Amino acid sequence: RRAVRAAHLEGDVVDRQRSDRDGHNLLGIAAFPLVAMSIAGLGLIPPIDPKAPGGLFSLSDPDRLRELLARAGFDDVRVEDMEFHLRFSDFEDYWSFCREFAGAVAILLRSFTDEERAAVRAATERATEGFRTGQGYDLPGLSVNALAS
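Below, the structure is looked at part by part. Please read these numbers as outputs of a predicted model, since none were measured by experiment.

About the thresholds
Residues numbered from 1 in each chain as written. Predicted model: local features only at pLDDT ≥ 70, side-chain atom pairs only at ≥ 80, totals over all residues. Heavy atoms only, no water. Axes fitted to C-alpha atoms, helices over the stretch in contact; angles between N-to-C directions. Helix = DSSP H or I, 4+ residues; strand = E, 2+ residues; numbered from the N terminus. Parallel < 35°, antiparallel > 145°, perpendicular 65-115°, else oblique. Left-handed = near helix turned anticlockwise from the far one by under 90°. Contact = heavy atoms within 4.5 Å. Nonpolar A, V, L, I, M, F, W, Y, C, P; charged D, E, K, R; others polar. Phe/Tyr/Trp six-rings, centres within 6.5 Å; stacked < 30°, edge-to-face > 60°.

Brief notes about the packing of helix α3 (residues 91-101) against helix α5 (residues 114-128)
- Packing of α3 against α5 brings their axes to within 11 Å, and their N-to-C directions diverge by 125°. Put simply, α3 runs oblique to α5. Of the two possible hands of crossing, α3 and α5 adopt the one that is right-handed. Note on element contacts: α5 touches α3 through Arg117, Val120, Arg121, Thr124, Glu125 and Thr128, opposite Phe91, Glu92, Tyr94 and Trp95.
- Across the contact of α3 with α5, the residue classes tally to four nonpolar, two polar and four charged.

What follows is the structure, encoded as structure tokens:
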């Protein structure tokens, strides 16, 4: 299992990692982490440590990412943050996105009973309440991007 999503482009490696560092609630919050944390909060899966090796934020610290790439033999390493927002017209739009496109979370949701899915949905809807705007939902994120050669 690989902890890093990487694309090799003409000898370079590009890594994108969502981040919540600096105490910001920028989970790439956006989609999967809120649902995953709701699932864990209901006791349907063990507690999640997003900073653990292989976790969603395991490479969110720029210095650590830079160090790992240097140890892997890359000489020229550039790391930059990029803020982003995922916007949804309403909770149903967000929930549909999570059910259809959230990778492992979508698969996990399909494995639950209707009752468990309903409990996850209700917990997730409560968790997203702070991101509601007049236009729907605005879920902020921070992507830590690395380019190395």
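Quick look at the packing of α3 against helix α4 (residues 104-111)
- Where α3 contacts α4, the two axes come as close as 6 Å, and the packing angle between them is 95°. What the angle tells us is that α3 and α4 run roughly perpendicular. Contacts from Trp95, Cys98 and Arg99 of α3 reach α4 at Ala106, Leu109 and Arg110.
- When grouped by side-chain class, the residues that make up the contact of α3 with α4 number four nonpolar, no polar and two charged.

With respect to the packing of aromatic side chains
- Counting across every chain of the model gives six aromatic pairs.
- Of the aromatic side chains, those joined through ring pairs into one cluster are Phe88, Phe91, Tyr94, Trp95, Phe97, Phe101 and Tyr137.

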